[in-house]
2 protein chains.
Amino acid sequence: MSAASDGVVAQSDLERFADLTVGFAANVQRGQIVSIGSELGKEPLTRAIAASAYRAGARFVDVSYFDLHVKRARIEHADEDTLDFVPSWYGERVLELGRQRCSRIALTGPSFPGLLDDLDPARAGRDQLPALKEVGQVVNERTSNWTAIPCPTAGWAQLVHPDLEPEEALAKLWQEVLHVCRLDEDDPIAAWEARGETLVTAASKLSQRRFDALRFTGPGTDLTVGLLPTSNFLAARFETVDGVVHRPNLPSEEVFSAPDPARVDGVVRATKPLVVGGSIIKGLEVEFAEGRITRIDADENAEVLRGYAARDEGASRLGEVALVDGEGRIGALDTVFFDTLLDENAASHIAIGQAYAMCVEGEDVDRINQSQIHVDFMIGSPEVRVDGLQADGSSAPVLVDGAWQV
Amino acid sequence: MSAASDGVVAQSDLERFADLTVGFAANVQRGQIVSIGSELGKEPLTRAIAASAYRAGARFVDVSYFDLHVKRARIEHADEDTLDFVPSWYGERVLELGRQRCSRIALTGPSFPGLLDDLDPARAGRDQLPALKEVGQVVNERTSNWTAIPCPTAGWAQLVHPDLEPEEALAKLWQEVLHVCRLDEDDPIAAWEARGETLVTAASKLSQRRFDALRFTGPGTDLTVGLLPTSNFLAARFETVDGVVHRPNLPSEEVFSAPDPARVDGVVRATKPLVVGGSIIKGLEVEFAEGRITRIDADENAEVLRGYAARDEGASRLGEVALVDGEGRIGALDTVFFDTLLDENAASHIAIGQAYAMCVEGEDVDRINQSQIHVDFMIGSPEVRVDGLQADGSSAPVLVDGAWQV
């Protein structure tokens, strides 16, 4: 009578993953409402998480299953000028999740990769669901303990491992996800606490250097990202206004900050494909001048990202800069996962759109980027070095060959 | 790239069904938001309806997939005193659907029959989702054009046709559903218009008789249902406050009214099983005195209905009385469908809980039953005759052997 386990992943693994998600990453408290943002194709893990949350004393588990096929029907048939419409109750629900101090769990990973590929990317880019602009506000208000975790699907597995039979591909992706989530450790929580220490230490040292900017150089990339006077680097260990500690991403291998949205210059070549709203963007190259994007090119689906970057004033400026060292488990797999949560933790990255306010202090809170969107793209690799620039023009190595220099 | 059709139903049949649902039953207007209340297992028809709605000019299609497995986890693990909790945004969304003059489409039919059978029925009865009390208010305010249609699932098909192989069972249920929805007619809309005429005429004649009560007599049944002075009988052809004509049920073979909640007496034996909140209630017998339920017994799951009937003051009184003649297509199949939408249109029925205000006029609007619930159960069969009683004690036959006598 329990949820099917797709045949390729043991029910006990689903339950361990669910318990780590609920008890550690989201850190669900007794009496909380828990929102689970899922998609069709992710039912077994969704149900395991719901059961774990109820066992942990959740008052209610509110599951939303997004259906990319319905989004496809919209992009295909709806009137052009309605494609960015979102019903009022979508955003209102997110704001209530914050006001009512709920926990939020999101399951990432493409559900039906390629399903939107034959559609007009400009139309596809206007419909940004399931993303909602209100999520950024709730994150910055720190009123909900939340996490995002990867959830394998059959379609996603075939995208990552096209050379394998469908069942083998799904089994391999599950094994990789369990590995990068440290679920193959006897004590995954202890493993994450240890890795967290490394990242918190690196973040702290980096913050203390008070660099004026970071410079990324490598094949096709020479990008300078200005920092604000109080830009602090953080690891993905957050605390709500009520003192609930949670891990916003599982896995997480990054340290990140909020850059100066007015001082980003140069050109950057993405080192991994990225999935945006169901479309896969490959061969991405982006140019910045005085903080703003001046050019977006790609081998495939550049229009989709152009649509996002045109969303509002802040959508073409940077909201995040993040560094990933070579010690993480994802980069070592040398696999493109076509999922931002995994790929961004394989390599250093930047994001256009909304910044995280907890990265800065004082008047800098009003200087960080504001937007309805937040789209990460990966710009790091062992071939891309990162240097810290001081205001006097001097520079110091930060990350070379995947190793911290700070 | 289109939605899968389960292999057993042609994509063209799904599309005709979707177009009849959108264009005729719900009568979706250009620019409307359309809510689709679906369940896991109903993806192909859900997607076909979404596509049809967008082709018809919908501004947005808001699909909710309910997952009975998550409900099971709740009933299994959640704290007893949280089981009737519903997040504020669930009801608020329904009220917004009315305020914003949206269209609402619900897909009926059990998704995972038996999934709750081994759980405590008293606990199961406290969680009434996916039903929401706000729906009754929006129905009575006539602010949304809505419909409910049946959607076959593999599990439902096996319940109805346990003797057939899974694929055959699903094919047969689909064939039956397409038949009772008149989709095997060249012009289903014309067929429904003709059937509607018969029902509207019967309802009109019945209303004109101004009976004081209806009496149902048959095996195990002798029930007198008092009527209000303005209790009008209606067929399921509604009109919103904005003049949008819609069919709230497809199929519909009934004429119905709102009875006097203070004058129901006697005993009634259900003539079909009913599905309530995922549980199947068989062998149901209910006794009334002065309008209130005084006893609920059943061979299986009586506790579930007792839980519903204890929900509030009006939950143990009648909100609906409905008559079904022998000309409909469902009764002729002589099949128990375990789905209220189909089974209630095979036989005369009554419902505890919320009444439909459009059935009465003037001060009777304040006399009809009010409740957060509405649960139909079937009490008619060819063996159950219905007589109309006048205040002076005289009586006249209304429905005998399935034929109208009015």
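About the criteria used
Residue indices begin from 1 for each chain and proceed along its sequence in written order. To label them, take the chains in the order written and letter them from A, then take the ligands in the order written and number them from 1. For this predicted model, a pLDDT threshold of at least 70 governs which residues receive local features, and a threshold of 80 or more governs which side-chain atom pairs are given and counted, while totals over whole chains, interfaces and linings are taken from all residues. Side-chain calculation: all heavy atoms of the structure are included, whereas hydrogens and water are not. Each residue gets one of three labels from its accessible area relative to the maximum for its type: buried under 20%, exposed over 50%, partly exposed in between, using a 1.4 Å probe on protein chains only. Helix and strand assignments come from DSSP, with helices taken as H or I runs of at least 4 residues and strands as E runs of at least 2, each series counted from the N terminus. Two strands qualify as a pair provided DSSP detects at least 2 bridges between them. Pairs of cysteine sulfur atoms within 2.5 Å are what we label disulfides. Nitrogen and oxygen atoms within 3.5 Å of one another constitute a polar contact, given that in protein one can donate a hydrogen and the other can accept it, and given that sequence-neighbouring residues count only through two side-chain atoms. By definition, residues are in contact when any of their heavy atoms lie within 4.5 Å. Geometry is summarised by axes, namely lines fitted to C-alpha atoms with helices restricted to the contacting stretch, and by angles between N-to-C directions that run from 0 to 180 degrees. What makes a crossing left-handed is the near helix being turned counterclockwise from the far one by less than a right angle; a clockwise turn instead makes it right-handed. Ten residues, namely Ala, Val, Leu, Ile, Met, Phe, Trp, Tyr, Cys and Pro, are considered nonpolar, four, namely Asp, Glu, Lys and Arg, are considered charged, and the remaining ones, Gly among them, are considered polar. Working rule for helices: expected span equals 1.5 Å times residues minus one. Within a predicted model, pLDDT stands for the predictor's per-residue confidence, ranging from 0 to 100. Once two parts are brought into contact, the accessible area they lose, counted with a 1.4 Å probe and summed over both, makes up the buried area. Salt bridges are defined as contacts in which a side-chain nitrogen from Lys or Arg sits within 4 Å of a carboxyl oxygen from Asp or Glu. Least-squares superposition of the copies uses the C-alpha atoms of those residues scoring a pLDDT of at least 70 in each of them. Stacked, edge-to-face and tilted labels apply to pairs of Phe, Tyr and Trp rings (six-membered ring for Trp) whose centres lie within 6.5 Å, assigned for plane angles under 30 degrees, over 60, and everything in between, in that order. In this scheme, Lys NZ or Arg CZ marks a charge over a ring once it lies within 6 Å of the ring centre and within 35 degrees of the ring normal.

Student: Sorry if this is basic, but what is going on with the pairing of strand β18 (residues 374-378) of chain B here?
Tutor: Remark: a regular strand shows side chains that alternate across the two faces of the sheet. Residue and element names in this part refer to chain B. Of all 5 residues making up β18, 4 are buried, and the element is well covered by its neighbours. Note: strand β17 (residues 349-353) against β18, 5 bridges, orientation antiparallel. Paired with Ala351 across the two strands is Asp376, which belongs to β18.

Student: For this particular structure, what's the right way to read the state of the cysteines?
Tutor: Note: disulfide means a covalent bond formed between the sulfur atoms of two cysteine side chains. All names here are of chain B. Inspection of every chain in the model, using the stated rule, returns 0 disulfides over all chains. Its sulfur unpaired, Cys181 is 11 Å from the next cysteine sulfur, which belongs to Cys151. Judged by relative accessible area, Cys181 falls into the buried class, the value being 0%.

Student: Would you take a moment to explain the side chain of B:Lys42 for this structure?
Tutor: All names here are of chain B. As for its placement among the helices and strands, Lys42 is situated in the loop between β1 (33-39) and α2 (43-55). Of the polar contacts made by the side chain of Lys42, one reaches the backbone oxygen of Thr108; its length is 3.2 Å. Apart from residues lying up to four places away in sequence, Lys42 is in contact with Leu107, Thr108, Gly109, Cys151 and Thr153.

Student: Explain the packing of helix α1 (residues 11-25) of chain A against helix α8 (residues 166-180) of chain A to me, please; I cannot follow it from the model alone.
Tutor: Helix packing geometry: the angle between the two helix axes and the distance between the axes. Residues and elements named next belong to chain A. In contact at an axis separation of 12 Å, α1 and α8 are set at 35 degrees when each is read in the N-to-C sense. In the crossing of α1 with α8, the sense of the turn from one axis to the other is left-handed. Residues Asp13, Leu14 and Phe17 of α1 form the contact with α8, whose participating residues are Trp174, Val177 and Leu178. Split by residue class, the contact of α1 with α8 holds 5 nonpolar, no polar and 1 charged.

Student: For this particular structure, what's the right way to read helix α4 (residues 88-99) of chain B?
Tutor: Given 3.6 residues per helical turn, the α-helix brings residues three or four places apart onto the same face. Residues and elements named next belong to chain B. With 12 residues, α4 should cover 16 Å at 1.5 Å per step; its first-to-last C-alpha distance of 17 Å lies within 8% of that length. The buried fraction of α4 amounts to 9 of the 12 residues, a majority that puts the element mostly inside the structure. Taken as a whole, α4 has its buried residues at Trp89, Tyr90, Gly91, Arg93, Val94, Leu95, Glu96, Leu97 and Gly98. Note on α4: the residue one or two positions beyond its end, Arg101, has a positive phi of about 50 degrees.

Student: How should I be thinking about the confidence of the model for chain A in this particular structure?
Tutor: Atom-level detail of predicted coordinates should not be read off regions where pLDDT is low. All names here are of chain A. Scored by pLDDT, chain A has a mean of 94; 98% of the residues are at 70 or more. Segment residues 1-5: pLDDT under 50, and 15 contacts once partners within four positions in sequence are set aside and those in other chains are kept. Across the whole predicted complex the pTM is 0.89, and at the interface the ipTM reaches 0.89.

Student: Mind showing me how you'd approach the interface of chain A and chain B here?
Tutor: Interface extent is often summarised as the accessible area lost during association of the parts. Facing 41 residues of chain A, the contacting portion of chain B comprises 41 residues. Roughly 3700 Å² of surface becomes buried between chain A and chain B when both sides are summed, with 67% attributable to carbon and sulfur atoms. For the pair chain A and chain B, the interface holds 4 salt bridges. Among the ionic pairs, B:Arg30 bridges to A:Asp79, the shortest N-O distance being 3.3 Å. Secondary structure elements with two or more residues in the side of chain A that touches chain B: α2 (43-55), β2 (60-66), α3 (68-77) and α4 (88-99) of chain A. Its residues placed into classes, the side of chain A that touches chain B shows 22 nonpolar, 6 polar and 13 charged.

Student: Where do I start with the relation of the copies chain A and chain B in this structure?
Tutor: Each of the two chain copies can be brought onto the other by rotation about an axis and movement along it. Once chain A is rotated about the relating axis by 180 degrees and shifted along it by 0.0 Å, it coincides with chain B to within an RMSD of 0.0 Å. Given the turn and translation reported, the copies of this chain are related as if by a two-fold rotation axis. Nearest to the rotation axis, the C-alpha of A:Tyr65 is located 3.1 Å from it, this being the minimum over chain A. By residue overlap, the copies meet face to face through one surface: 100% of the interface positions of chain A are interface positions in chain B.

Student: Looking at this structure, how should I read the sheet that holds strand β11 (residues 259-269) of chain A?
Tutor: Within a sheet, each strand pairs with its neighbour through backbone hydrogen bonds, oriented either parallel or antiparallel. Spatially, β15-β14-β11-β6-β5-β19-β20-β21 (chain A) is the arrangement adopted by the 8 strands of the open sheet, whose pairing is antiparallel. The open sheet terminates on both sides in strands that have one partner only, identified here as β15 (292-297) and β21 (403-404) of chain A.

Student: Help me understand the sheet that holds strand β4 (residues 145-150) of chain B, please; the structure alone is not making it clear to me.
Tutor: All names here are of chain B. Strand order in this open sheet of 4 strands is β2-β1-β3-β4, and the pairing throughout is parallel. Pairing within the sheet leaves two strands with one partner each, and these edge strands are β2 (60-66) and β4. Strand after strand, the sheet turns through a mean of 15 degrees between neighbouring axes, direction not considered. Here β1 runs beside strand β3 (residues 103-108); their pairing, made up of 4 bridges, is parallel. Opposite Ile36, over in β3, you have Ile105 as the bridge partner.

Student: Help me out: how do you make sense of unusual backbone geometry in this one?
Tutor: Across the chain, the bulk of peptide bonds are trans and the bulk of non-glycine residues have phi less than zero. In the segment running from A:Leu129 into A:Pro130, the intervening peptide bond is cis, with an omega of 5 degrees. Examined against the element boundaries, A:Pro130 turns out to sit in the loop between α5 (121-126) and α6 (134-141). Cis geometry marks the peptide bond from A:Leu250 to A:Pro251; its omega dihedral reads 5 degrees. With respect to the helices and strands, the residue A:Pro251 is situated in the loop between β9 (245-246) and β10 (254-257). Residue A:Arg210 is not a glycine yet carries a positive backbone phi of 50 degrees. When you line up the elements, A:Arg210 lands in the loop between α9 (188-209) and β5 (213-218). Judged by its relative accessible area of 38%, A:Arg210 is partly exposed. One non-glycine residue, B:Asn301, adopts positive backbone phi at about 65 degrees. By relative accessible area, which is 18% here, B:Asn301 ends up buried.

Student: Quick question: what am I supposed to make of the pattern of salt bridges here?
Tutor: Side chains that differ in charge, positive against negative, can pair when their charged atoms come close. Under the defined criterion, the tally for this structure stands at 74 salt bridges over all chains. Ionic pairing is found between B:Arg72 and B:Glu76, a salt bridge with its closest N-O pair at 3.7 Å. Pair noted here: B:Arg72 and B:Glu76 are both in helix α3 (residues 68-77), with a separation of 4 residues, about one helical turn. Judged by its relative accessible area of 7%, B:Arg72 is buried. The exposure class assigned to B:Glu76 is partly exposed, which follows from its relative accessible area of 39%. Within the structure, one salt-bridge network assembled from shared partners comprises A:Arg269, A:Glu285, A:Glu287, A:Arg295, A:Asp297, A:Glu303 and A:Arg306.

Student: Looking at this structure, I do not really get the packing of aromatic side chains. What am I missing?
Tutor: With the rule as written, the count across this model stands at 12 aromatic pairs over all chains. With a centroid separation of 6.4 Å and an interplanar angle of 85 degrees, the aromatic rings of A:Phe17 and A:Trp174 are classed as edge-to-face. With a gap of 157 residues between them, A:Phe17 in helix α1 and A:Trp174 in helix α8 connect regions that are remote in the sequence. A single burial state applies to A:Phe17 and to A:Trp174, both of which are buried. Three or more aromatic residues link up through ring pairs in this structure, and these residues are A:Trp146, A:Phe238, A:Phe256 and A:Tyr356. The residue whose ring lies beneath B:Arg59 is A:Phe85, and the NZ or CZ to ring-centre distance is 4.4 Å.

Student: Would you explain α2(A) in this entry?
Tutor: Residue and element names in this part refer to chain A. In a regular helix each residue adds 1.5 Å, so 13 residues correspond to 18 Å; α2 covers 18 Å between its end C-alpha atoms and thus fits that length. Most of α2 sits inside the fold, with 12 of its 13 residues counted as buried. Buried within α2 we find Glu43, Pro44, Leu45, Thr46, Arg47, Ala48, Ile49, Ala50, Ala51, Ser52, Ala53 and Tyr54. Positioned one or two residues after α2, Gly57 has a phi angle of 95 degrees, which is positive.

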